[in-house]
Amino acid sequence: MSRGGGKGLSLKDKLDGNELDLSLCDLNEVPVRELAALPKATILDLSCNNLISLPSDFCSLMHLVKLDLSKNRLQQLPLDFGRLVNLQHLDLLNNRLVTLPVSFAQLKNLKWLDLKDNPLDPVLAKVAGDCLDEKQCKQAAVRVLQHMKAIQSEQDRQRQRKLQAEREMEKKREAEQRAKEAQERELRKREKAEEKERRRREYDAQKAAKQEMEKKTKKEPVQTRKPASSSRPPQPPRHKPSWSRSVLRVLLFVLFCILCTVAACKLTELQRQPLCVSVNTLYGDVVAALQNHKTLQNMLQHNSQQ
């Protein structure tokens, strides 16, 4: 086994029963793989080396019962150091430790502990005491375990409070989200109801306008016929003119024109004109013909009586 890497010389040569002595080997790191292959080595001495830290897989050596890490340069222990649940004796004398990992509280079988000559936190240093004899080292183990358990409980409570606060915050967010969604649904429902009411009013207005138009359309013919029957006085029935009266009127008009022409030709200086000579001759012939026509005379007599 080389001094720098812990390899070369077999660890079995260092094993004496259940005790493995690797002290004063000038080790910079722990040969965890080789140690894991020796589960019988329940007592491990790594004192007086150059160890600054322990690898995380060192905590897999759960078969360890006694561990000596004194007189190294350890600044901290692995966070899961509490996995070494079978550990009963732990020597951390003369290192550079300030605090211990919270998992240290899980070393329920720890009976002996030495933390002297470390720059410990004042509270932890007071709890650990001096460890000047066997009794003080045993008391240190009990007091430190209780202290670390209290820290672990407080951290657990803080973690629980944090989780509770997160859950409450999540519930609050969910409640706010539900309230927001409910408000949005209510808003959409109200908008839908308002839109429906607006459309209903428009429909009612259109229907009323249509009915009013139909009503006006029905009233107009009645109003146009009603004044005709009420405002105009009754008129006597008109007698349909007979055809003889029409003929008579035409004849009278023609006769009037002829008479006017005859009078002009007889009574004025126009009687010597050729036209008037013809008119006078025609007038004499017409008068002679009328006198001889009895039927026309009877007709004239009948119309004159009417």
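Our structure is the block above this text.
Residues numbered from 1 in each chain as written. Predicted model: local features only at pLDDT ≥ 70, side-chain atom pairs only at ≥ 80, totals over all residues. Heavy atoms only, no water.

Caption draft 1: Inspection of the overall build of the protein chain at higher detail. Per the secondary structure count, the protein chain includes six helices and six strands. Considering only contacts in the protein chain between residues 6 or more positions apart, those separated by 24 or more positions represent 35%. Of the roughly 22200 Å² of accessible surface on the protein chain, 54% is carried by carbon and sulfur atoms. (Helix = DSSP H or I, 4+ residues; strand = E, 2+ residues; numbered from the N terminus. Contact = heavy atoms within 4.5 Å. Areas by Shrake-Rupley, 256 points an atom, 1.4 Å probe, with all protein chains shown as cover.)

Caption draft 2: Region of the structure containing the state of the cysteines. Enumeration according to the criterion identifies one disulfide in this entry. For Cys 131, the disulfide goes to Cys 137, at an S-S distance of 1.6 Å. The S-S bond linking Cys 131 to Cys 137 shows a torsion near 100 degrees; that makes this disulfide right-handed. Here Cys 137 falls in the buried class, since its relative accessible area comes to 3%. (Disulfide = S-S within 2.5 Å. Buried < 20%, exposed > 50% of the residue type's maximum accessible area, 1.4 Å probe, protein only.)

Caption draft 3: Inspection of the packing of aromatic side chains at higher detail. On inspection of all chains with the given rule, the structure shows one aromatic pair. A ring pair is formed by Phe 81 and Phe 104, whose centres lie 6.2 Å apart and whose planes are at 5 degrees; its orientation type is stacked. Placement of Phe 81 in the loop between strand S4 (66-68) and strand S5 (89-91) and of Phe 104 in the loop between S5 and strand S6 (112-114) is noted, with a sequence separation of 23 residues between them. (Phe/Tyr/Trp six-rings, centres within 6.5 Å; stacked < 30°, edge-to-face > 60°.)

Caption draft 4: Quick peek at the sheet that holds strand S2 (residues 19-21). On the basis of which strands lie adjacent, the open sheet formed by six strands has the order S1-S2-S3-S4-S5-S6 and mixed pairing. Both edges of this open sheet fall to strand S1 (15-16) and S6, since each of them pairs with a single strand only. Relative to S4, strand S3 (residues 43-45) runs parallel, the two sharing three bridges. Looking at the pairing, Leu 44 lines up with Leu 67 of S4. (Pairing = 2+ DSSP bridges.)

Caption draft 5: Just unusual backbone geometry, in detail. Residue Asp 26 is not a glycine yet carries a positive backbone phi of 55 degrees. Tracing the chain through its elements places Asp 26 in the loop between S2 and helix H1 (32-36). What makes Asp 26 partly exposed here is its relative accessible area of 33%. Phi angles above zero are rare outside glycine, and Asn 94 is one such case at about 55 degrees. Structurally, Asn 94 is set in the loop between S5 and S6.

Remember, this is a structural readout, not a statement about activity or role.
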